[in-house]
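Chains, contacts and geometry: an overview
Letter by letter, the chains look like this.
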Amino acid sequence: MALSQSTLSIRPATLEDARALATVLTHSFHHYQGTWGWLTPLLRLGVYEDLHHRLKQTKEHHACFVAAMQTATTQEIVGTVEVSVRYLSALAIAPAKAPYISNLAVNPQYRRLGIARKLLARCETQVRYWHYGSVALHVLENNEAAKQLYLSCGYDIKYAERPLSAWLLRRPRRLFVQKSLSP
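Residues numbered from 1 in each chain as written. Predicted model: local features only at pLDDT ≥ 70, side-chain atom pairs only at ≥ 80, totals over all residues. Heavy atoms only, no water.

A few words now on the overall build of the protein. The number of helices and strands found in the protein is 5 helices and 7 strands. Looking at the protein as a whole, 39% of its 183 residues are labelled buried. Total accessible area on the protein stands at roughly 11,300 Å², and carbon and sulfur atoms take up 55% of it. (Helix = DSSP H or I, 4+ residues; strand = E, 2+ residues; numbered from the N terminus. Buried < 20%, exposed > 50% of the residue type's maximum accessible area, 1.4 Å probe, protein only. Areas by Shrake-Rupley, 256 points an atom, 1.4 Å probe, with all protein chains shown as cover.)

All right, on to the packing of helix 3 (residues 115-129) against helix 4 (residues 144-152) then. Closest axis-to-axis distance for the helix 3/helix 4 pair is 11 Å, and the angle between their directions is 50 degrees. Between helix 3 and helix 4, the angle is such that the two are oblique. The interaxial crossing formed by helix 3 with helix 4 has right-handed handedness. Where helix 3 abuts helix 4, its residues Ala-116, Arg-117 and Leu-120 lie against Leu-149, Tyr-150 and Ser-152. Across the contact of helix 3 with helix 4, the residue classes tally to 4 nonpolar, 1 polar and 1 charged. (Axes fitted to C-alpha atoms, helices over the stretch in contact; angles between N-to-C directions. Parallel < 35°, antiparallel > 145°, perpendicular 65-115°, else oblique. Left-handed = near helix turned anticlockwise from the far one by under 90°. Contact = heavy atoms within 4.5 Å. Nonpolar A, V, L, I, M, F, W, Y, C, P; charged D, E, K, R; others polar.)

Let us now look at the packing of helix 1 (residues 18-29) against helix 2 (residues 39-56). Helix-helix packing is characterised by the crossing angle of the two axes and by the distance between the axes. Two elements in contact, helix 1 and helix 2, have axes whose closest approach is 8 Å; the angle formed by their N-to-C orientations is 130 degrees. Taken as axis vectors, helix 1 and helix 2 run oblique relative to one another. As for the relative orientation of helix 1 and helix 2, their crossing is right-handed in sense. Together, Ala-18, Arg-19, Leu-21, Ala-22, Thr-23, Leu-25, Thr-26 and His-27 of helix 1 and Thr-40, Leu-43, Arg-44, Val-47, Tyr-48, Leu-51, His-52 and Leu-55 of helix 2 make up the contact between the two elements. Classifying every residue of the contact of helix 1 with helix 2 by side-chain character gives 9 nonpolar, 5 polar and 2 charged.

A few words on the confidence of the model for the protein. Looking at the protein as a whole, the pLDDT averages 86, with 86% of positions reaching at least 70. Least confident of the elements in the protein is helix 5 (residues 164-168), whose mean pLDDT is 64; most confident is helix 3, at 97. (pLDDT = per-residue confidence, 0-100.)

Counting 31 residues, the largest nonpolar core has Ile-101, Leu-120, Tyr-150 and Tyr-155 as its most contacted members. For this core, the elements supplying multiple residues, two or more each, are strand 2 (62-70), strand 3 (75-87), strand 4 (97-106), helix 3, strand 5 (134-140), helix 4 and strand 7 (174-180). For this core, the leading source of residues is helix 3, giving 6 residues. In this view, Tyr-155 contacts Ile-101, Leu-120, Glu-124, Val-135, Leu-137, Tyr-150, Val-177, Gln-178 and Lys-179; residues no more than four positions away in its chain are not counted. Counting 15 residues, the second largest nonpolar core, distinct from the first, contains Ala-13, Ala-22, Leu-25 and Val-66. (Core = buried A, V, L, I, M, F, W, Y, C linked by side-chain atoms within 4.5 Å.)

Time to look at the packing of aromatic side chains. Note on aromatic pairs: each is described by the distance of the centres and the angle between the planes. What the rule picks out here adds up to 2 aromatic pairs. Residues Tyr-159 and Phe-176 carry aromatic rings whose centres are separated by 5.1 Å and whose planes lie at 15 degrees to one another, so their mutual orientation is stacked. Here Phe-176 lies in strand 7 and Tyr-159 lies in strand 6 (residues 156-160), a separation of 17 residues in the sequence. By relative accessible area, Phe-176 is classed as buried at 6%. The aromatic ring of Tyr-48 is capped on one face by Arg-19, whose charged end is 4.5 Å from the ring centroid. (Phe/Tyr/Trp six-rings, centres within 6.5 Å; stacked < 30°, edge-to-face > 60°. Lys NZ or Arg CZ within 6 Å of the ring centre and 35° of its normal.)

Structure follows, in structure tokens:
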């Protein structure tokens, strides 16, 4: 599908968006098919409840944004992202709070159209508004498309986490990436 500037909007999420956002997140992060496909509705319900709870709360340093495709008659939620200020390392001697991006997801039918870049840019604008000079996130080591997106948007890989569970369960490591923001 072709994307034009006039049809895509990035806006704050509302409670009414929670169901559509849960669908986008579930289809982006959980790929169950065949005999395991029955799990998808349960996962979507869990994601919905968690997201609905976060959207109901008003926190000073938390924002959820949606990417919405507008046609003449309908609006379709095609992406989402959250940014919040949180402690990034519980193991640090003096942990500090910093802006952190999570749950960046774009409907698979709308990928590679620049939507994720626009969602990241909106988060960066919010972080500047909060008067922070950098923003961070995690990406799985084997997620090449996401790594290329972040690197092309100016994020730098700072380190790879080495949890015992990744080694024991043979799961990909998480990479901590960060971007310094100019004022």
